[in-house]
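# Structure assessment
Each chain, letter by letter, is given below.
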Amino acid sequence: MSPTPKQQRTHRRRAVPRDRTKNVTQWRVEASWDHRPDDPVVVRTSDRKRARKVFRDLVAKGAYVIFQEHAGWDRWRTVEEVNGAALLAEAEAEQALAVAGHPRTPDDYRPGDDDRHRSWLAWMEARAEAARRAAEAAERDRAAAEERRRRLAVEATRDARALMSPPAIVRPENRQRARHITGAQR
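So, here is what we can say about the structure in this document. (Residues numbered from 1 in each chain as written. Predicted model: local features only at pLDDT ≥ 70, side-chain atom pairs only at ≥ 80, totals over all residues. Heavy atoms only, no water.)

## Regarding the packing of aromatic side chains
This model, assessed by the stated rule, comprises 3 aromatic pairs. Between the aromatic rings of Trp 120 and Trp 123, the centroid separation amounts to 5.1 Å while the plane-to-plane angle is 65 degrees, which identifies the pairing as edge-to-face. Here Trp 123 and Trp 120 lie together in helix α4 (residues 116-164), a separation of 3 residues that amounts to about one turn. Here Trp 120 falls in the buried class, since its relative accessible area comes to 8%. Overall, the relative accessible area of 43% leaves Trp 123 in the partly exposed class. (Phe/Tyr/Trp six-rings, centres within 6.5 Å; stacked < 30°, edge-to-face > 60°. Helix = DSSP H or I, 4+ residues; strand = E, 2+ residues; numbered from the N terminus. Buried < 20%, exposed > 50% of the residue type's maximum accessible area, 1.4 Å probe, protein only.)

## Observations concerning the side chain of Glu 90
With respect to the helices, strands and loops of the structure, Glu 90 is situated in helix α3 (residues 84-100). Excluding anything up to four places from it in sequence, Glu 90 contacts Asp 114, Asp 115, Arg 116, His 117 and Arg 118. (Contact = heavy atoms within 4.5 Å.)

## Some details on the nonpolar core
Val 29, Ala 31, Phe 55, Leu 58, Val 65 and Phe 67 are the most contacted members of the largest nonpolar core, which totals 14 residues. Elements that contribute at least two residues to this core include exactly β1 (27-33), α2 (48-60) and β3 (64-72). At 5 residues, the largest contribution of residues to this core is made by α2. With residues near it in sequence (within four places) discarded, Val 29 still touches Val 41, Val 42, Val 43, Ala 51, Val 54, Phe 55, Leu 58, Val 65, Ile 66 and Phe 67. Judged by nonpolar contacts, the second largest core, of 6 residues, contains Ala 93, Tyr 109, Leu 121 and Met 124. (Core = buried A, V, L, I, M, F, W, Y, C linked by side-chain atoms within 4.5 Å.)

## Description of α4
End to end, α4 covers 69 Å across 49 residues, agreeing with the expected 72 Å (1.5 Å per residue, within 8%). Taken as a whole, α4 carries its principal kink of about 50 degrees at Arg 158. For α4, the complete set of buried residues consists of Arg 116, His 117, Ser 119, Trp 120, Leu 121 and Met 124. Of the surrounding secondary structure, the elements contacted by the buried residues of α4 are α3. (Expected span 1.5 Å × (residues − 1). Bend = angle between axes of the 7 residues up to and from the residue.)

## Some thoughts on the pattern of salt bridges
Scanning the model with the defined rule gives 16 salt bridges in all. Measuring nitrogen to oxygen at the nearest pair gives 3.1 Å for the salt bridge that ties Asp 159 to Arg 158. Looking at Arg 158, the relative accessible area reads 58%, which means it is exposed. Connected via shared salt-bridge partners are Glu 129, Arg 132, Arg 133 and Glu 136. (Salt bridge = Lys/Arg side-chain N within 4 Å of Asp/Glu carboxyl O.)

## So, unusual backbone geometry
In this structure, Trp 73 is a non-glycine residue whose phi angle is positive, near 55 degrees. One can find Trp 73 in the loop between β3 and β4 (75-83). Classification of Trp 73 as exposed rests on a relative accessible area of 62%. Notably, Asp 74 is not glycine yet its phi reads approximately 60 degrees, a positive angle. For Asp 74, the position within the fold is in the loop between β3 and β4. Given the relative accessible area of 53%, Asp 74 is considered exposed.

## What about the pairing of β4?
Looking along a regular strand, one sees side chains alternate from face to face of the sheet. Inspection of the sheet shows β3 paired to β4 by 8 bridges, in the antiparallel sense. Looking across to β4, one finds that Gly 72 is bridged to Arg 75. Between β3 and β4, which pair antiparallel and follow one another directly, the connecting turn spans 2 residues, one of which, Trp 73, has a positive phi of 55 degrees. (Pairing = 2+ DSSP bridges.)

Structure, rendered in structure tokens:
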């Protein structure tokens, strides 16, 4: 038999024992850039996959991104933080290494650091610059030695006849007769 309207009004459904905290399934993504720190991007969603996609997209754009999970009553717990600008700079440094023809960063070179490719690139560029300066100095020294050799060859060619003949004093036509002077005439 169905309940009467009066019985139906007094019927209350049992409360299901569960967490009734508002928005506990929310995810929040905060992103900011160095060139505009006062204007962050904040995305709230209950879809974790969408929040992850927004997170990846903002990291790819070079933002400093914080992925947060709702902890209840407008409190947020940080799940992950990524510096997108540093990641982009690392990728650019890795590409610059390949373009410049430097060896790629070894796997055991500062493995935990987030600027390992940039520091390796700076070191490789410093080595290349030092090698270039050394090559320029060697080229200058070689050019100076070649110029000196040419100058000496020209002088030797010009002065060869004079160098091959005896000095003028020794030649018979320029020889002076010795004067014999007694001591009293001095």
